[in-house]
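In case you want the letters, here they are:
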Amino acid sequence: MSTSGVGEDDQAWRAWLGRHGPALVLYARQWCRTRPDSEDAVQDGFVRFWKSRQDAGAGAPSQVRDETAYLFACVRTAALDLARAAGRRRHHEGNVSAFEAPADREDLREVVEVALEKLPEEQREVLVLKIWAGLTFAQIGELLAIPANTASSRYRYALERLEALLAKEFSQ
Amino acid sequence: MTESSKRLEAELASLRPSPLSPRVVDAIADALADGGRAPLRFADRCLLAVMGAGSLAACVIVGLIVWQIAGSAPHAMPPQQQMLAVQTPAVPSPVALPPTIGQYQQALARSSDVVPEILR
């Protein structure tokens, strides 16, 4: 590979990471819980994704239809592997936030983080992918190996449930 | 989707996930610069060390066995001795020597009377 090729490749992966990195950490955090573990999962998953992308560019056969969905799938696998390996030391990391919020929305951030924890995993996963990762239902369906309609239903249920949870939290 | 759901969706979208720490970006840069090869884990390193030590022990044992077998085998004759053995004329054994005249006469003296008659 030429030097300019390496430079272009370097810019390309940094652009991918810049675009999806924060959402990937939030997504991985569903299984890893702690921020360092989530970041390790993102690191493992991203390296695996980029390597297979390079292999595909070099002519290796690839089954990937949607690269963004595949990137999230790689991070999901890495997060599940890490969570399984670190199962005994899993704990909730309450002091480090998963979100950045404007100062006037700090209350919303805290309530949303607590409410998200109470959602069923399959609904929370779709919600994170739709709202913060910006994936379409088709992409979510491909990532989770479910029909797009199922992804859409899970999203709707998640919003309804979250709405009820938030109403309860704000009324307290 | 209801109006309240849409409002909630917008509110959720106003929260942004925390940015990635520079540590992760550096670690990914290192991993990709290394050809995407993941660094060896501690367990893998232990396995490699055990395999290396096992191979070394096997080589030492094989070496000792070969050395012992070679030590117990009969020593070969030095080449100088071999040449001497070839050049030295073979000493004839006493049985192979022809009888002397004295031995003939003694034998004849001990023989029966038939023999002088035959010789006559």
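Residues numbered from 1 in each chain as written. Chains lettered and ligands numbered in written order. Predicted model: local features only at pLDDT ≥ 70, side-chain atom pairs only at ≥ 80, totals over all residues. Heavy atoms only, no water.

1. Thoughts on the pattern of salt bridges
Within this structure, the stated rule accounts for 12 salt bridges over all chains. The residue A:Asp81 makes a salt bridge to A:Arg84 at a minimum N-O spacing of 3.3 Å. Of this pair, A:Asp81 and A:Arg84 both sit in helix 3 (residues 67-85), separated by three residues, roughly a single helical turn. By relative accessible area, which is 59% here, A:Arg84 ends up exposed. Salt-bridge contacts for A:Arg154 lead to A:Glu122; the nearest nitrogen and oxygen are separated by 3.7 Å. With a gap of 32 residues between them, A:Arg154 in helix 7 (residues 148-171) and A:Glu122 in helix 5 (residues 121-132) connect regions that are remote in the sequence. Using a relative accessible area of 42% as the deciding quantity, one classes A:Glu122 as partly exposed. Overlapping salt bridges bring together A:Arg35, A:Glu39, A:Asp40 and B:Arg23 as one network. (Salt bridge = Lys/Arg side-chain N within 4 Å of Asp/Glu carboxyl O. Helix = DSSP H or I, 4+ residues; strand = E, 2+ residues; numbered from the N terminus. Buried < 20%, exposed > 50% of the residue type's maximum accessible area, 1.4 Å probe, protein only.)

2. Focus: the nonpolar core
By size, the foremost hydrophobic cluster in this structure holds 62 residues, and its most contacted members are A:Phe46, A:Phe72, A:Leu127, A:Trp132 and B:Leu12. Top element by residues in this core is helix 1 (residues 3-32) of chain A. It accounts for 11 residues. Every residue in contact with B:Leu12, bar those within four places of it in the chain, is listed here: A:Val112, A:Leu127, A:Ile131, A:Trp132, A:Leu159 and A:Leu162. (Core = buried A, V, L, I, M, F, W, Y, C linked by side-chain atoms within 4.5 Å. Contact = heavy atoms within 4.5 Å.)

3. Quick word on the interface of chain B and chain A
Between chain B and chain A, the contact holds 26 residues from the first and 36 residues from the second. Across the chain B/chain A interface, buried area totals approximately 2,800 Å², and carbon plus sulfur atoms make up 66% of it. Contact with chain A buries surface across chain B, with B:Leu12, B:Leu15 and B:Leu32 losing the most and accounting together for 22% of the total. One can count two salt bridges joining chain B with chain A. Across the pair A:Asp40 and B:Arg23 runs a salt bridge, and its minimum N-O distance is 3.5 Å. For the side of chain B that touches chain A, the secondary-structure elements that each account for two or more residues are helix 1 (3-14), strand 1 (16-17) and helix 2 (22-33) of chain B. Broken down by class, the residue content of the side of chain B that touches chain A amounts to 15 nonpolar, seven polar and four charged. The pairing of strand 1 (residues 99-100) of chain A with strand 1 of chain B spans two bridges and is antiparallel. For A:Phe99, the partnering residue across the bridge sits in strand 1 of chain B and is B:Pro17. (Buried area = accessible area lost by both parts, 1.4 Å probe. Nonpolar A, V, L, I, M, F, W, Y, C, P; charged D, E, K, R; others polar. Pairing = 2+ DSSP bridges.)

4. Details of the confidence of the model for chain B
Residues with a pLDDT of 70 or more make up 66% of chain B, whose mean pLDDT is 76. Scoring the predicted complex yields pTM 0.64 and, for the interface, ipTM 0.79. (pLDDT = per-residue confidence, 0-100.)

5. Overview of the side chain of A:His20
By the secondary structure assignment, A:His20 is in helix 1. Those residues in contact with A:His20, other than ones at most four positions away along the chain, are A:Thr68, A:Leu71 and A:Phe72.

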